[in-house]
Amino acid sequence: MLTKRLKSSTILLHIILFIGAVFMTVPFLWMVSSALKDLGQVFLVPPKWIPDPFIWGNFKASLTALPFGRAYYNSIYINIIVVVAQLITCSMAAYAFAKIRFPFRDAIFILFLATMMVPGQVTIIPLYLIMKNLGWIDTHLPLIVPAALLNAFGVFLLRQFFMGIPREMEEASIIDGANRWTIYTRVMLPLVKPALSALGIFTFLGMWNSFFYPLIFLNTPDLFTVPMMLNLYRGMYATDWTLMMAGASVALIPVLIVYIVGQRYIIEGVTLSGIKG
Amino acid sequence: MVMSTQTSERSETFAPTVERTDAMWPSMKSSTSEALWGYFFILPQAIGLIGFAMVPLILAFALSLMQWDGFGARTFVGLDNFIGQFKDPDFNIAVVNTLYYTVLTVPTGIILSMLVAVGLNKVKGKVLYRLFYFMPNITMSVAVAVVFMWLLNGDFGLINLYLRDWFGIQGPQWLTDTRFVIPAISLLSVWVGLGGSMVLFLAGLQGISATYYEAAEIDGANKWQQLRHITIPLLSPTTFFVTIISIISSFQVFDQSFVMTGGGPAKASYTMVFHIYDSAFVDFTFGKSTAAAVILFVIILVLTLIQMRISKRWVHYEG
């Protein structure tokens, strides 16, 4: 009796969870479906899910209408530089805050924590003026340099992990006469690899999807990142839904593929950052 | 002061062994060279901290007290920019819209994500379900905004087509009707944010010991009673954390309304960040814009401090 009741409640749970999962997926499916239709099919009532015929040309049209390839290149190279730079600079600072004793250490660390509370919108105007004075407006530098050199959250996250490493790990190397740099690169970094990949994923997603900063710092379409290019595209094809959905697919699908392949890693990384943060 | 207690508090919570590190460090190296190594390691991030956080923040406070169009002379105007914001109808519209959006988005998101997390927690195929629920969370805001423009289209959008087909309801012109534009953006945000909150709730659920449920089971408590008297109370620190970060991100909503509606129709989706952006980069009133940004900062600061204070109490309560 009991097992039977449990079973039916489990089935009900699966049905509800399945319906929920469908709701989460439908916008993507409808996007792809619309992207593969012509204008005659896209306005059909009731909606038709499978295009007939498939209009693959929409993708070609969206890729040639605007330099999306260029935007991908810009986004990817900016991201690689920022992620690598952040992993180095954040882990260095985090290691020092966790394991090295120096004057004002805690006070400086508190300053880092305090900046986590400052929303980007507060500093954006002074930052814009600084970049203008440096002559960096309409270049990629305002997107790369501040991000590469400052991620207080990253420092905080990695510091938690360094602090969890027992001091015995370092002591042996100290006795062998290794200096701090050697300990950091040879002993400590390999021990916090999971935290580094979590931070890397987090930074990558944040940078990749970021719209506010590029919107303010970039003017030339050749320099646009993917979200900026898509926004430009939206302005051009506001009424042609097939091309709009093709453009959105071009922007979304590569990331979705990466997500599906590496989902365990990504979700665990986000969880880790969320808990630690 | 609040900050410093919070720091040690956090380190104790997450890494109990840590604080003893310093005292036990062997005195093999001179403390001067240790200190130099320390400064060397923090140097790159410290440069970033000064150049891209502290200096801009100080400049922001200074600018908020000035009248300036970005080119001419700067004039000191005291608190006029702040007083002006409260008298500015645009600012007031932005605050009302942002609050309305927050009230719609945050509770809906919290309740749905908690329910999904509880449902997923012990179910077979958890990883597969999680894949789908989390998927919108990693997507680009601009791209999903474009997709939702199509889904929410008043005449041919999928949502209205099915409302008509299945329920016989004529759906509204979501994005061009002043009454529906905020609910529409809120719907998009709930869809995007659900997975992120769910992941945090799942992590919180992992922390609840199975023995509570075993004991409740023996006492004959049903699933609903277990949820009501074990899961929800013990999950409360996570709930509080998720609530605060959701409110903070709600106050910063911008991309969706910028892409989908341009703040319209008739400023019905004009939010606080939109106002900051418009004042600075459309009207070139930098002083007014930074004053609005400082007000946003204060709101977020207060929320963060409340979160720190209360979560601290909760950690103690639980531990």
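Source: prediction; values computed, not measured.

Draft legend 1. The overall build of chain A, seen in detail. Scanning chain A for helices and strands turns up 15 helices and zero strands. The C-alpha radius of gyration computed for chain A amounts to 24 Å, which surpasses the reference 19 Å derived for 277 residues by more than 25%, pointing to a less compact arrangement than a globule. Taken over the C-alpha atoms alone, chain A extends approximately 75 × 75 × 35 Å along its principal axes. Per-residue burial for chain A yields a buried fraction of 56% across its 277 residues. Sequence-distant contacts in chain A: of pairs separated by 6 or more residues, those separated by 24 or more amount to 73%. As displayed, chain A offers around 11900 Å² of accessible surface, 72% of which is attributable to carbon and sulfur atoms. A gap of 7 Å separates the mean positions of the 19 positive and 11 negative side-chain charges of chain A.

Draft legend 2. Seen up close, the overall build of chain B. A tally of helices and strands in chain B yields 15 helices and two strands. Burial status across chain B gives 54% buried among its 319 residues. By sequence separation, contacts in chain B at least 24 residues apart represent 67% of the contacts at least 6 residues apart.

Draft legend 3. The layout of surface pockets, seen in detail. There is about 900 Å³ of room inside the second largest pocket. Elements that contribute at least two residues to the lining of the second largest pocket include exactly α1 (2-35) of chain A together with α5 (89-121), α7 (141-151), α8 (158-167) and α9 (181-206) of chain B. The element contributing the most residues to the lining of the second largest pocket is α1(A), with 10 residues. Residues that form the lining of the second largest pocket fall into these classes: 27 nonpolar, four polar and no charged.

Draft legend 4. Layout of the interface of chain B and chain A. Each partner contributes to the interface: chain B provides 102 residues, whereas chain A provides 113 residues. Overall, the association of chain B and chain A removes approximately 9900 Å² of surface from exposure, summing both partners, and the carbon and sulfur fraction of that is 78%. Taken as a group, B:Phe41, B:Gln45 and B:Trp150 account for 9% of the area that chain B buries against chain A, more than any other trio of residues on that side. Here chain B and chain A share one salt bridge between them. B:Glu34 is the partner of A:Arg180 in a salt bridge, and the nearest nitrogen-oxygen pair spans 2.8 Å. Looking at the side of chain B that touches chain A element by element, the count peaks at 24 residues for helix α3 (residues 31-63) of chain B. A class-by-class count of the residues in the side of chain B that touches chain A yields 75 nonpolar, 18 polar and nine charged.

Draft legend 5. Spatial organisation of the domain arrangement of chain A. All names here are of chain A. Here chain A is partitioned into domain 1 (1-55) and domain 2 (66-273). Look at where the C-alpha atoms of domain 1 and domain 2 centre, and you get two points 35 Å apart. Taken residue by residue, the interface counts 10 residues in domain 1 and 10 residues in domain 2. Across the interface of domain 1 and domain 2, roughly 740 Å² is buried in total on both sides, 84% from carbon and sulfur atoms. In this assembly, domain 1 and domain 2 are joined by zero salt bridges. Linking domain 1 with domain 2 are zero residue pairs in polar contact (both at pLDDT 80 or more), by the criterion used here. Those elements that provide at least two residues to the side of domain 1 that touches domain 2 are α1 and α2 (39-42). Per-class residue counts for the side of domain 1 that touches domain 2 are seven nonpolar, one polar and two charged.

Draft legend 6. Structural view of the UniProt feature "domain: ABC transmembrane type-1" (unreviewed entry) in chain A. Under the feature "domain: ABC transmembrane type-1" (unreviewed entry), the UniProt entry names residues 72-262 of chain A. Strand forms 0% of residues 72-262 of chain A and helix 79%; the C-alpha atoms that close the span are 20 Å apart.

Draft legend 7. Quick look at the pattern of salt bridges. This model, assessed by the stated rule, comprises six salt bridges over all chains. With a shortest N-O distance of 2.7 Å, A:Arg167 and A:Glu171 are connected by a salt bridge. Taking relative accessible area as the criterion, A:Glu171 reaches 26% and is therefore assigned partly exposed. Connected via shared salt-bridge partners are A:Glu170, A:Arg180 and B:Glu34.

Draft legend 8. Structural context of the UniProt feature "transmembrane region" (unreviewed entry) in chain A. Residue and element names in this part refer to chain A. Per the UniProt record, the feature "transmembrane region" (unreviewed entry) sits at residues 12-32, 76-97, 109-131, 143-162 and 242-262. In residues 109-131, helix accounts for 83% and strand for 0%; the two terminal C-alpha atoms are 26 Å from one another. Taken as a whole, residues 242-262 contains 95% helix and 0% strand, while its terminal C-alpha atoms sit 29 Å from one another.

Reading the values: the criteria
- Residues numbered from 1 in each chain as written.
- Chains lettered and ligands numbered in written order.
- Predicted model: local features only at pLDDT ≥ 70, side-chain atom pairs only at ≥ 80, totals over all residues.
- Heavy atoms only, no water.
- Helix = DSSP H or I, 4+ residues; strand = E, 2+ residues; numbered from the N terminus.
- Rg over C-alpha atoms; globule rule 2.2 N^0.38 Å.
- Buried < 20%, exposed > 50% of the residue type's maximum accessible area, 1.4 Å probe, protein only.
- Contact = heavy atoms within 4.5 Å.
- Areas by Shrake-Rupley, 256 points an atom, 1.4 Å probe, with all protein chains shown as cover.
- Lys, Arg positive; Asp, Glu negative; His and termini not counted.
- Charge placed at Lys NZ, Arg CZ, Asp CG, Glu CD.
- 1 Å grid on protein atoms, 1.4 Å probe; cavity = no way out; pocket = protein on both sides within 12 Å on 5 of 7 lines; lining within 4 Å.
- Points joined across faces, edges and corners; volume = space filled by probe spheres on them.
- Nonpolar A, V, L, I, M, F, W, Y, C, P; charged D, E, K, R; others polar.
- Buried area = accessible area lost by both parts, 1.4 Å probe.
- Salt bridge = Lys/Arg side-chain N within 4 Å of Asp/Glu carboxyl O.
- Domains from an automatic or database assignment.
- Polar contact = N/O pair within 3.5 Å; in protein donor to acceptor, adjacent residues only side chain to side chain.
- UniProt positions renumbered as here; feature names shortened; annotations may be inferred.

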